[in-house]
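Tertiary structure, described
The residues making up each chain are set out below.
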Amino acid sequence: MSKKVLIAYGTKMGATATIAAVIGSELRAAGHQVDVREVGAVLAVSEYDAVVVGSAVYQSRWRPEVVHFLRHHERQLRNRPVWLFHSGPIGPSKNQDQPLPPDVVRLARLIQAAPVKTFAGELQADAVTARLSHRAELEHLISDSRDWPKIRTWSREIATALQPPRAEAAGNGPPVAAGK
Ligand SMILES: Cc1cc2nc3c(=O)[nH]c(=O)nc-3n(C[C@H](O)[C@H](O)[C@H](O)COP(=O)(O)O)c2cc1C
């Protein structure tokens, strides 16, 4: 049976928004009804069967609006399956899991979310230009490290977890006798 899924994200430069959109298209392809929204545009999560929440990572922190979203909707999120991801590492550390900030660790525990998934991110030249004081440290990191196959695989794992077991999907009718 199709589930209604919310994918809520927080971004500064857009990389996380595109990751959220790709997760959404995979879940839609698996037959689910999906809304992809920036966290600030979500008023309630009660209409959804499951929620995926993602944030960009800056200075080892999640976007404040995403932390606010988790805090604000904590009770509702606790009552439904929740998956978390962050888009962060770039450059040489792009394949390493990014540790969760302490405030997110606490909220993830309260919500009983699945283990957080780390996706490598993207650093755009514009972001570097806007931070002239850090230009020298950042310039060599300008790249798009987003790993689309990894993102699609994780999305399909969520789609599979949302599917009811086969027997339930087929109903509880009597078995059809062999040969009929
Ligand atoms: C000033 C600055 C600080 C960053 N700090 C971190 C960090 O602490 N950890 C990390 O994994 N990535 C860090 N990044 C990389 C971003 O998280 C990455 O580029 C991300 O994909 C951006 O997402 P967005 O385009 O959705 O905002 C930083 C990037 C910039 C420009």
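Treat the numbers as computed from the prediction; the structure is a model and nothing was measured.

1. A closer look at the pattern of salt bridges
Under the counting rule described, the total for this entry stands at nine salt bridges. Notably, a salt bridge pairs Arg 152 with Glu 26, separated by 3.1 Å at the nearest N-O pair. Taken together, the positions of Arg 152 in helix 7 (residues 148–162) and Glu 26 in helix 1 (residues 15–29) put the pair 126 residues apart, joining distant regions of the chain. The closest approach of N and O atoms between Asp 35 and Arg 37, which form a salt bridge, is 3.8 Å. With relative accessibility at 18%, the residue Asp 35 sits in the buried group.

2. Remarks on the nonpolar core
Residues Leu 6, Val 51, Trp 62, Phe 69, Leu 70, Leu 77 and Leu 84 are the most contacted members of the largest nonpolar core, which totals 22 residues. Elements that contribute at least two residues to this core include exactly strand 1 (4–10), strand 3 (50–58), helix 2 (64–72), strand 5 (82–87) and helix 4 (102–111). One finds Ile 7, Ile 23, Leu 27 and Trp 83 within the second-largest nonpolar core, a separate group that totals 20 residues.

3. Points about the environment of His 73
In this structure, His 73 sits in the loop between helix 2 and helix 3 (74–78). Taking relative accessible area as the criterion, His 73 reaches 8% and is therefore assigned buried. Separated by 28 residues in the primary sequence, His 73 and Val 45 place their C-alpha atoms 7.3 Å from one another. Aside from chain neighbours lying at most four places away, what touches His 73 is Val 42, Leu 43, Ala 44 and Val 45.

Thresholds applied
- Residues numbered from 1 in each chain as written.
- Predicted model: local features only at pLDDT ≥ 70, side-chain atom pairs only at ≥ 80, totals over all residues.
- Heavy atoms only, no water.
- Salt bridge = Lys/Arg side-chain N within 4 Å of Asp/Glu carboxyl O.
- Helix = DSSP H or I, 4+ residues; strand = E, 2+ residues; numbered from the N terminus.
- Buried < 20%, exposed > 50% of the residue type's maximum accessible area, 1.4 Å probe, protein only.
- Core = buried A, V, L, I, M, F, W, Y, C linked by side-chain atoms within 4.5 Å.
- Contact = heavy atoms within 4.5 Å.

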